[in-house]
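Below are the chains, spelled out letter by letter.
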Amino acid sequence: MQSFIQTALMRDSGYFHIWITAAIGQSFFATNQDKAFFISLLQDSLSPRTNMQEFSPQPQGFASRIDLLAYSLTMTGVHLLVFTTKKTSLEEFGQVILLHYAAYIQTGRHSSALPFNSLFMFDSLAGRHEALDVSRDIHLLHEDWRGDRYSSIGFYLDDRRGDWMRPHRLTFLFHNKARRYVHFLKSQETEKDRIFEYLET
């Protein structure tokens, strides 16, 4: 059973940090294939052109309500940085994503590792500059942050594109220059003890 925790929120729209984690001592993803499938769920639910047809009889599109700015998938869970026009959309989004991921797990070989005890939490951020800081913390979760396939770093440094990702809300802050974002990342790379206590590598 999934739990949805909404921390103290002052605004109905704006920048939010979402994190999804398994119960203590458990892994949220058993394999990299599971991570890849979860990314496909993000693509299908946040692209204006697609929907999760395989696992849902009704389209579940959030493209008009949620902009995905950054993401990170590790074995222990998921971090998402988003902008939304309505925070209730985040609760609906979490329910849809976790239900579809559970359906996928049930059809595969990892049925003993169902994420029934997963937690879905989100918190409001003060604005785009705090969101930019969170994007750095999210990307630095990965030991090989420059080359990891399961984060959004390629959208910031390698001109990777997709209509389900909208990092432009942040990239304009460093004038869309990859080298400036690299410098921004490296300014914190040696101070990982500063990163939020709930962020795990």
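Refer to the structure above for everything that follows.
Worth saying up front: this structure is predicted, and the values here are computed from it rather than measured.

Reading guide: rules and limits
Residues numbered from 1 in each chain as written. Predicted model: local features only at pLDDT ≥ 70, side-chain atom pairs only at ≥ 80, totals over all residues. Heavy atoms only, no water. Helix = DSSP H or I, 4+ residues; strand = E, 2+ residues; numbered from the N terminus. Buried < 20%, exposed > 50% of the residue type's maximum accessible area, 1.4 Å probe, protein only. Contact = heavy atoms within 4.5 Å. Areas by Shrake-Rupley, 256 points an atom, 1.4 Å probe, with all protein chains shown as cover. Salt bridge = Lys/Arg side-chain N within 4 Å of Asp/Glu carboxyl O. Expected span 1.5 Å × (residues − 1). Polar contact = N/O pair within 3.5 Å; in protein donor to acceptor, adjacent residues only side chain to side chain. Axes fitted to C-alpha atoms, helices over the stretch in contact; angles between N-to-C directions. Parallel < 35°, antiparallel > 145°, perpendicular 65-115°, else oblique. Left-handed = near helix turned anticlockwise from the far one by under 90°. Nonpolar A, V, L, I, M, F, W, Y, C, P; charged D, E, K, R; others polar. Phe/Tyr/Trp six-rings, centres within 6.5 Å; stacked < 30°, edge-to-face > 60°.

**What to know about the overall build of the protein**
So, point 1. Tallying secondary structure elements over the protein gives six helices and five strands in all.
So, point 2. Counting from the amino terminus, helix and strand elements in the protein follow one another as β-β-α-β-β-α-β-α-α-α-α.
So, point 3. Burial status across the protein gives 50% buried among its 201 residues.
So, point 4. Restricting to contacts in the protein with at least 6 residues of sequence separation, those with at least 24 account for 75%.
So, point 5. Taken as a whole, the protein presents about 10000 Å² of accessible surface, with 49% of it coming from carbon and sulfur.

**Topic: the pattern of salt bridges**
Pairing is possible between side chains that carry opposite charge, provided their charged atoms lie close to one another.
So, point 1. Considering all chains together, one arrives at eight salt bridges under this definition.
So, point 2. Residue arginine 65 pairs with glutamate 92 through a salt bridge whose shortest N-O separation is 3.1 Å. With a gap of 27 residues between them, arginine 65 in the loop between α1 (32–46) and β3 (66–74) and glutamate 92 in helix α2 (residues 88–107) connect regions that are remote in the sequence.
So, point 3. Relative accessible area serves as the criterion here: at 26%, arginine 65 is assigned to the partly exposed category.
So, point 4. A salt bridge links aspartate 158 to arginine 146, with the shortest nitrogen-to-oxygen separation between them at 2.7 Å. Taken as a pair, aspartate 158 in the loop between α4 (153–157) and α5 (168–171) and arginine 146 in the loop between α3 (128–139) and α4 lie far apart in primary sequence, 12 residues in all.
So, point 5. Overlapping salt bridges bring together Asp12, Lys86 and Lys87 as one network.

**So, α1**
So, point 1. Compared with an ideal rise of 1.5 Å per residue, which puts 15 residues at 21 Å, α1 spans 21 Å between its outermost C-alpha atoms and is within 8% of the ideal.
So, point 2. For α1, every residue scored as buried is listed here: Asp34, Lys35, Phe37, Phe38, Ile39, Leu41, Leu42, Ser45 and Leu46.
So, point 3. Those residues of α1 that are buried lie in contact with β2 (14–21), β3, β4 (77–84) and α2.
So, point 4. By the N-cap criterion, in which a side-chain oxygen at the helix start approaches the backbone nitrogen of a residue two or three places on, α1 is capped by threonine 31, the distance to glutamine 33 being 3.3 Å.

**Some words on the packing of α1 against α2**
So, point 1. α2 packs onto α1 with a crossing angle of 140 degrees between their chain directions and a minimal axis gap of 10 Å. Put simply, α1 runs oblique to α2. Where α1 crosses over α2, the two elements pack in a sense that is right-handed. On α2, the residues touching Gln33, Asp34, Phe37, Phe38, Leu41, Leu42, Ser45 and Leu46 of α1 are Phe93, Ile97, His100, Tyr101, Tyr104 and Ile105.
So, point 2. Its residues assigned to classes, the contact of α1 with α2 comprises 10 nonpolar, three polar and one charged.

**Details of the environment of aspartate 12**
So, point 1. Assignment of secondary structure puts aspartate 12 in the loop between β1 (3–6) and β2.
So, point 2. A relative accessible area of 32% places aspartate 12 in the partly exposed class.
So, point 3. Non-local contacts of aspartate 12, meaning those with residues more than four positions away in its chain, are made with Thr85, Lys86 and Lys87.

**Quick word on α3**
Residues lying three or four places apart along an α-helix face the same way, a consequence of the helix completing one turn every 3.6 residues.
So, point 1. In this model α3 runs 16 Å from its N-terminal to its C-terminal C-alpha over 12 residues, within 8% of the 16 Å that 1.5 Å per residue would give.
So, point 2. Among the residues of α3, those classed as buried are Ala131, Leu132, Val134, Ser135, Arg136, Asp137, Ile138 and His139.

**Points about the packing of aromatic side chains**
So, point 1. Summed over all chains, the structure comprises 18 aromatic pairs.
So, point 2. Both rings, one in phenylalanine 28 and one in phenylalanine 29, keep their centres 4.9 Å apart while their planes meet at 90 degrees; by these two values the pair is edge-to-face.
So, point 3. A relative accessible area of 2% means that phenylalanine 28 is categorised as buried.
So, point 4. Here phenylalanine 29 falls in the buried class, since its relative accessible area comes to 1%.
So, point 5. On the numbers, 6.0 Å between centres and 80 degrees between planes, the contact of phenylalanine 28 with phenylalanine 38 is edge-to-face. In this pair, phenylalanine 28 sits in the loop between β2 and α1 while phenylalanine 38 sits in helix α1, placing the two residues 10 residues apart along the sequence.

Limitation: the analysis is restricted to geometry and does not speak to function.
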